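What follows is the residue order along each chain.
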Amino acid sequence: MTEFAQLLLWGAFVCYLLSVNLYLLHTLVRRPLFWRGAFALVVLGFLLHSLCLGLRWYLAGYLPVTNLFSTLFFFSWALAATYLYFELRYRIHAAGLFVMLLNLLLLGAALPRDSALKPLIPALDTPLFTLHIAFSFLGYAFFAMAFSLGVLYLFQRRLTTPLLPDLTLLHRLNEEAIFLGFALFSLCMIFGGIWAQIAWGYYFSWNIKGLWSFLIWLFYAGMCHAKFIRRWQGTGYACLSILGFALVLFTYLGIGLLLSSNHPLD
């Protein structure tokens, strides 16, 4: 990665780090100046992050999401974009502390890893690969947001603090995050199936990562149905959001690090 891209990356990381600290100060001091400053830093960090992504994409000639550094990097970018969507639409303010802390951990985990841009193997050199990966991590980002909202729902249910949105809004935002994540992840599965058919002659492979991805899709399809079942409202839905993200993390990181898979990105 070029020195300029590295500078952009570190700039984004510092902005996210400072935003987390300002959100924390806001929870302690409760002054609007702090959350406004935190939000401004998130926006600046996202712009630097986006510039770095665009530069890496230009230099590579393809969406560079082919190793652990680049997937963590893109996951962090997608989560920042998802948070900005919810903040601009619903003004969730202090709820940003938990989301941006999670985002900071993702980007921080990427920094010490190899950021080199390597040639793309022929099977991945297709727009279908770009669509498959982009929709996958955008879906993951909404699932991460749902996880954050589920945790905040449990906190708010116990503490009833004015710093967080009320339980009704948190639950509604959680449902929206699940639905949007499921829609994006469904597109990921569709484009992945078409890509597999063209590249290898079959729509679905029984490799362990493909199987677990299908299980994630089934789980969140069930959650989209659970919103209509009374006993799964509130605390139950929040707990399902947390469990679902645990499945996402296992599929994304656990399989690649702990198990063997013939998925092309493992």
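What counts, and at which threshold
Residues numbered from 1 in each chain as written. Predicted model: local features only at pLDDT ≥ 70, side-chain atom pairs only at ≥ 80, totals over all residues. Heavy atoms only, no water. Patch = residues over 30% accessible without salt bridge, like charges linked within 9 Å, V, L, I, M, F, W, Y side chains within 5 Å. Areas by Shrake-Rupley, 256 points an atom, 1.4 Å probe, with all protein chains shown as cover. Salt bridge = Lys/Arg side-chain N within 4 Å of Asp/Glu carboxyl O. Helix = DSSP H or I, 4+ residues; strand = E, 2+ residues; numbered from the N terminus. Buried < 20%, exposed > 50% of the residue type's maximum accessible area, 1.4 Å probe, protein only. pLDDT = per-residue confidence, 0-100. Axes fitted to C-alpha atoms, helices over the stretch in contact; angles between N-to-C directions. Parallel < 35°, antiparallel > 145°, perpendicular 65-115°, else oblique. Left-handed = near helix turned anticlockwise from the far one by under 90°. Nonpolar A, V, L, I, M, F, W, Y, C, P; charged D, E, K, R; others polar. Contact = heavy atoms within 4.5 Å. Phe/Tyr/Trp six-rings, centres within 6.5 Å; stacked < 30°, edge-to-face > 60°. Lys NZ or Arg CZ within 6 Å of the ring centre and 35° of its normal.

## Quick word on a nonpolar patch on the surface
Thought 1: On the surface, Leu187, Ile190, Ile194, Ile198, Tyr203, Phe204, Trp206, Phe214, Leu215 and Leu218 cluster together into a nonpolar patch covering about 1000 Å² of accessible area.
Thought 2: Per-element tally for the nonpolar patch: the top contributor is helix H6 (residues 167-200), with 4 residues.
Thought 3: Along the chain, Ile190 falls in helix H6.
Thought 4: Note on Ile190: relative accessible area 49%, which makes it partly exposed.

## Focus: the confidence of the model for the chain
Thought 1: For the chain, per-residue confidence averages 88 on the pLDDT scale, and 95% of positions sit at 70 or higher.
Thought 2: Averaged pLDDT values over the elements of the chain bottom out at 86 in helix H8 (residues 235-258) and peak at 95 in helix H3 (residues 68-90).

## Some thoughts on the packing of helix H5 (residues 127-159) against H6
Thought 1: Here H5 crosses H6 at 160 degrees, and the two axes come no closer than 7 Å. With respect to H6, the axis of H5 lies roughly antiparallel. Considering only the axes of H5 and H6, their crossing is left-handed.
Thought 2: Looking at side-chain class alone, the contact of H5 with H6 contains 28 nonpolar, 9 polar and 1 charged residues.

## Looking at the side chain of His171
Thought 1: Summarising the element assignment, His171 is placed in helix H6.
Thought 2: Contact partners of His171, with chain neighbours within four places excluded, come to Tyr153, Gln233, Gly234 and Tyr237.

## A short note on the environment of Gly150
Thought 1: Tracing the backbone through its elements, the reader meets Gly150 in helix H5.
Thought 2: Along the sequence, Gly150 and His171 sit 21 residues apart, while their C-alpha atoms lie 7.8 Å from each other.
Thought 3: Ignoring any residue separated from it by four or fewer positions in sequence, one finds Gly150 in contact with Asn174, Ala238 and Ile242.

## Looking at the pattern of salt bridges
Thought 1: On inspection of all chains with the given rule, the structure shows 2 salt bridges.
Thought 2: Between Glu176 and Arg89 there is a salt bridge, and its shortest N-O distance comes to 3.0 Å. Here the residue Glu176 occupies a position in helix H6, and Arg89 occupies one in helix H3, the gap between them amounting to 87 residues.
Thought 3: With a shortest N-O distance of 3.8 Å, Asp114 and Lys118 are connected by a salt bridge.

## Focus on the environment of Leu124
Thought 1: With respect to the secondary-structure elements, Leu124 resides in the loop between helix H4 (96-110) and H5.
Thought 2: Sequence spacing of Leu124 and Thr66 is 58 residues, and the spatial spacing of their C-alpha atoms is 9.2 Å.

## A closer look at the packing of aromatic side chains
Thought 1: This structure, assessed with the given rule, holds 27 aromatic pairs.
Thought 2: Taking 5.0 Å as the distance between ring centres and 80 degrees as the angle between the ring planes, the aromatic pair formed by Tyr85 and Phe86 counts as edge-to-face.
Thought 3: Here Tyr85 falls in the partly exposed class, since its relative accessible area comes to 30%.
Thought 4: Ring geometry for Phe86 against Tyr90: centres 6.1 Å apart, planes inclined by 25 degrees, an arrangement best described as stacked. With a gap of 4 residues between them, Phe86 and Tyr90 both fall in helix H3, about one helical turn apart.
Thought 5: Judged by relative accessible area, Phe86 falls into the buried class, the value being 0%.
Thought 6: Since its relative accessible area comes to 15%, Tyr90 is described here as buried.
Thought 7: Put simply, the rings of Phe46, Phe74, Phe75, Trp77, Phe137, Tyr140, Phe143, Phe185, Phe219, Tyr220 and Tyr252 touch in pairs and so form one group of aromatic residues.
Thought 8: Positioned above the aromatic ring of Phe73 is the side chain of Arg56, whose terminal nitrogen or guanidinium carbon lies 5.7 Å from the ring centre.

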